[in-house]
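An overview of the molecular structure
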Amino acid sequence: QLVGDAAQARALMETVFARFGQNASIWIECVVLERELEQSVDARGACGGGGGSASRRAVDGAAPFEKARKLFRRAVTVITDAHQALALHTAWTAFEATWGTLASQRAAEIRCASHWAAVCRRCDKV
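These remarks concern the structure in this document. Predicted model, so just to flag it, every value in this text is computed and none were measured.

Calculation rules
Residues numbered from 1 in each chain as written. Predicted model: local features only at pLDDT ≥ 70, side-chain atom pairs only at ≥ 80, totals over all residues. Heavy atoms only, no water. Helix = DSSP H or I, 4+ residues; strand = E, 2+ residues; numbered from the N terminus. Expected span 1.5 Å × (residues − 1). Buried < 20%, exposed > 50% of the residue type's maximum accessible area, 1.4 Å probe, protein only. Polar contact = N/O pair within 3.5 Å; in protein donor to acceptor, adjacent residues only side chain to side chain. Contact = heavy atoms within 4.5 Å. Disulfide = S-S within 2.5 Å. Salt bridge = Lys/Arg side-chain N within 4 Å of Asp/Glu carboxyl O.

This part takes up helix H5 (residues 82–99). Taking 1.5 Å of rise per residue, 18 residues should cover 26 Å, and H5 covers 25 Å from first to last C-alpha, within 8% of that figure. Taken together, the buried positions of H5 are Ala 82, Ala 85, Leu 88, His 89, Ala 91, Trp 92, Phe 95 and Glu 96. By the N-cap criterion, in which a side-chain oxygen at the helix start approaches the backbone nitrogen of a residue two or three places on, H5 is capped by Asp 81, the distance to His 83 being 3.0 Å.

Here it is as structure tokens:
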């Protein structure tokens, strides 16, 4: 049941992005939802004796919540408004500080800086 719910939630997210993709708060709320979906799948795996992917991530050093992180990476390809970009960058760096690794945190900082530079160049042209 959970897998079907997750697929349905993700399909609904795509509909929302198509209509409100320039709004950082939409992306941020969807990241929270995606993280919660990933956590529930991890918890179900742990309860089922499989150890869950969270424990496997801890062993191999990879950052958890990769699907949530992918939403941030997509958002910076869509958002062009400076205020929206600032809100998105703040949320992404906070997400990485809480849930990521040093490598994922640094990658987010680099991507945010690059996105900010592009947004500022666009603002200068207007």
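Attention now moves to helix H6 (residues 102–125). An ideal rise of 1.5 Å per residue puts 34 Å on 24 residues; H6 measures up with 35 Å between its terminal C-alpha atoms. The set of residues buried in H6 consists of Ser 104, Ala 108, Cys 112, His 115 and Val 119. For H6, the elements touching its buried residues are helix H4 (66–75) and H5.

Our focus in this paragraph is the state of the cysteines. Applying the stated criterion across every chain, the model contains 0 disulfides. The thiol sulfur of Cys 123 is not disulfide-bonded, and the nearest other cysteine sulfur, from Cys 120, lies at 6.0 Å.

Our next topic: the environment of Gln 39. Counting through the fold element by element, Gln 39 comes out in helix H2 (residues 24–47). As a C-alpha pair, Gln 39 and Pro 64 span 25 residues in sequence and 9.2 Å in three-dimensional space.

This paragraph deals with the pattern of salt bridges. On inspection of all chains with the given rule, the structure shows 6 salt bridges. The partner of Glu 109 in a salt bridge is Arg 106, with the nearest N and O atoms 3.4 Å apart. Of the two residues, Glu 109 and Arg 106 are both situated in helix H6; the distance of 3 residues between them amounts to about one turn of the helix. On the accessibility criterion, Glu 109 (33% relative accessible area) is partly exposed. According to the relative accessible area criterion, Arg 106 is partly exposed, its value standing at 49%. Residues joined by salt bridges that share partners form a network here, namely Glu 66, Arg 69, Arg 73 and Glu 96.

Our focus in this paragraph is the environment of Met 13. Among the structural elements, Met 13 can be located in helix H1 (residues 2–20). A relative accessible area of 4% means that Met 13 is categorised as buried. Taking C-alpha positions, Met 13 is 8.8 Å from Trp 27, a pair spaced 14 residues apart along the chain. Excluding residues that lie within four positions of it along the chain, Met 13 makes contacts with Cys 30, Leu 33, Glu 34, Leu 37 and Leu 71.

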